[in-house]
Amino acid sequence: MFFVFFHKMADFTLELEALRVENARLKEKLKQHLLVEDMLLPSSSNLPRAVIGMNREGGENACPAPPWIAGLSHSLTAAQIQRYSRQLLLPSFGVKAQENLCKGSVLIVGAGGLGSPVALYLAACGVGCIGIMDPDRVELHNLHRQVIHNEASVGETKVSSASRTCLAINSSVKVVEYPFGLDARNALDIMAQYDVVVDASDNVATRYLVSDACVVANKPLVSGAALGMEGQLTVYNYLKGPCYRCLFPTPSPQAACQRCSDAGVLGVVPGIVGTFQALEVIKVLTKVGEPLSARMLILDALSSRIHTVKLRGKNTQCVACGELPQITHITLPNFDYEKFAASPMSDGTPPREQVVGEDQSITCTDYNKLVRGHKSHVLVDVREKHQYDIASLPDSLNIPYAKLPQQLDTIRAAAQKHKHEGDEDMSVYVICRRGNDSQRAVQDLRSAGFNLVYDITGGLLSWAQDVDSTFPAL
Amino acid sequence: MNKLGFRLTAQWCLLLWLIRPRSSDYRISFHFIVVRSNFRAARLGVRRADDMHLTLEFGGGLELLFGSQKKHEVEVTSPDDLKEVTMESLLSWIKDNLIKERPEMFVKESSVRPGVLVLINDSDWELCGRLETVLEENDEVIFISTLHGG
């Protein structure tokens, strides 16, 4: 009996000992959890902030190691792990890729329709340093697609507006502002400071410059473009892929280069292309996946189709990246890109050409006087019909410039209709958006036999400026 | 060709009559369309024995030169009764038969103008011989103008 009791006592003692050990272990674990929590919420922390982001591989003088194990020596802090947790959970991404992003740096050329999503996503995913370059200020007609800016930033430089938004999303990244355009002289110095360059520009001249500078500075270039309902995207100068000049050694003729400010663009189209660009940057920085090198992604938004096509490789004869390059760190700064591309380094209003003489033109103010004086005349608006439908002057006749030769009789008939008895020939006034096509129309009409044809100088933009400020000029 | 077309049409009609569904009108009308288009092609003699069917696509603004239509299913006859249709002969065929305005915005000398990318079955034509590339039945050729907007 006693023996049995003694035996049970021994059992209790053993169990008690086991429970004590367990208790000590749990207490230790709880302490660790509390410490980690303190680090994640620095406001309630009684630990110095320097603990975050410290060097865990340092020697004796380094900060004490945190009481949690950072896997196989990565440098992510607890705050970073929490912020990027959803992409760290991706088996194909993980801590190594995130580390590369946090260490990486990207230069974004252009803070417009493409640059907006690129900057937003790269800041959000934690790219360490983002350089944003753009000479322009935010305008109201940018906001439908340049989603990094908002109403409050109209009038502000695009780079400061973009930088503010990026930091509001992620204050732990560094944003460098370049409130000026890329030019041949500053390109190489600026690019040297970055790992990847993003071409989010809006003109041919800048595109050649960005590509050449990337070749000389040996940086991969993630290039995107969007217009109307279409987009194009590729990665140049990466692995064995071509550069922009390998594909397009000669620039397109100026007449073939449509601008967003003329041809229009649906807001989401650059949004999609820019988002793809951000994806390619992430892939290049982290070396995860297959970047679009020697391939091009073509987006047709109208039919919701995405095509990825195979491109040629590097051209050995290429003047930029070929075997005997003519464009080097010495020649590039003196290369005249605007002359080469025969177009300015901006998407802004093209300079107005003066084709017809003063005797064949009339200012908007004078034309307004004539209308108020009820002088009978014919007003021809030579814009495309879809532009004419947005807003037009009363009693104007819409004959798109391209259709003018077939519509001469319509103008003759209109002139005949307005003609009073005893009147001389009827005057015909021609207007368009900016006053360029209307001048060409005046020349064409004069050579077709119309004698009293006049150009309304500066078109509807001038009309809105000088006569009727309520007219919605585009 | 025409005789063959009529015979095919007659055979189709007979077949359709034999397998006509009792409950659904949908299928019969679909087949009727097929029959009608076969009939029409045969009657008009659209397709010649040496014609080659190609799918052409124009993008990046080039579609404006083709009546704002992006995709064109075409039957191309090789010039000079050569058996082969090459990219060079296709370009001249497009210039003569398909383009609606400003051909200088599409072709320059015997090739495409600078800034146009040509893709044959989703591959850059530089990879398969540019103008000398020999096309095959049902090939897909894409002409795309490089975009600059952003």
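Residues numbered from 1 in each chain as written. Chains lettered and ligands numbered in written order. Predicted model: local features only at pLDDT ≥ 70, side-chain atom pairs only at ≥ 80, totals over all residues. Heavy atoms only, no water.

Right, let's get into a nonpolar patch on the surface. All names here are of chain A. Residues M229, L266, V268, I272 and L302 make up a contiguous nonpolar surface patch of roughly 440 Å² in combined accessible area. Turning to its location among the elements, M229 is positioned in the loop between β5 (221-227) and β6 (230-236). Classification of M229 by relative accessible area gives partly exposed; the value is 32%. (Patch = residues over 30% accessible without salt bridge, like charges linked within 9 Å, V, L, I, M, F, W, Y side chains within 5 Å. Areas by Shrake-Rupley, 256 points an atom, 1.4 Å probe, with all protein chains shown as cover. Salt bridge = Lys/Arg side-chain N within 4 Å of Asp/Glu carboxyl O. Helix = DSSP H or I, 4+ residues; strand = E, 2+ residues; numbered from the N terminus. Buried < 20%, exposed > 50% of the residue type's maximum accessible area, 1.4 Å probe, protein only.)

All right, on to the UniProt feature "active site" (unreviewed entry) in chain A then. With numbering matched to this structure, UniProt assigns "active site" (unreviewed entry) to C260 and C432 of chain A. On the secondary structure map, C260 of chain A appears in helix α10 (residues 260-263). For C260 of chain A, the contacting residues outside a window of four places in its chain are R145, A226, L227, V265 and D347 of chain A together with G149 and G150 of chain B. By secondary structure assignment, the location of C432 of chain A is in the loop between β12 (428-431) and α16 (437-447). If we skip the residues at most four places from it in the chain, C432 of chain A touches D381, V382, R383, D437, S438, G459 and L460 of chain A. (UniProt positions renumbered as here; feature names shortened; annotations may be inferred. Contact = heavy atoms within 4.5 Å.)

Turning to the interface of chain B and chain A, a few remarks are in order. Listed by partner, the interface residues are 29 residues for chain B and 36 residues for chain A. Buried surface at the junction of chain B and chain A, summed over both partners, amounts to about 2600 Å²; 56% is from carbon and sulfur atoms. Among the residues chain B hides against chain A, the three largest losses belong to L147, H148 and G150 of chain B. Together they make up 29% of the total. The interface formed by chain B and chain A includes five salt bridges. Our count for the chain B to chain A interface comes out at 15 residue pairs in polar contact (both at pLDDT 80 or more). Those elements that place two or more of their residues in the side of chain B that touches chain A are β1 (51-59), β6 (116-120), β7 (123-124) and β9 (140-145) of chain B. For the side of chain B that touches chain A, the element with the highest residue contribution is β9 of chain B, accounting for four residues. Residues that form the side of chain B that touches chain A fall into these classes: ten nonpolar, ten polar and nine charged. (Buried area = accessible area lost by both parts, 1.4 Å probe. Polar contact = N/O pair within 3.5 Å; in protein donor to acceptor, adjacent residues only side chain to side chain. Nonpolar A, V, L, I, M, F, W, Y, C, P; charged D, E, K, R; others polar.)

Let us look at the sheet that holds β12 of chain A. Residues and elements named next belong to chain A. Strand order in the open sheet formed by five strands is β9-β13-β12-β10-β11, with parallel pairing between adjacent strands. For this open sheet the edge positions go to β9 (361-362) and β11 (396-398), each flanked by a neighbour on one side alone. Pairing of strand β10 (residues 378-381) with β12 involves four bridges; the strand directions are parallel. In the strand pairing of β12, D381 is matched with I431. Sheet strands in contact with helix α15 (residues 408-418) are β10, β11 and β12, and its direction is about 155° off that of β10. Where α16 meets the sheet, its contacts fall on β12 and β13 (453-456), and the angle it forms with β13 comes to roughly 175°. (Pairing = 2+ DSSP bridges. Axes fitted to C-alpha atoms, helices over the stretch in contact; angles between N-to-C directions.)

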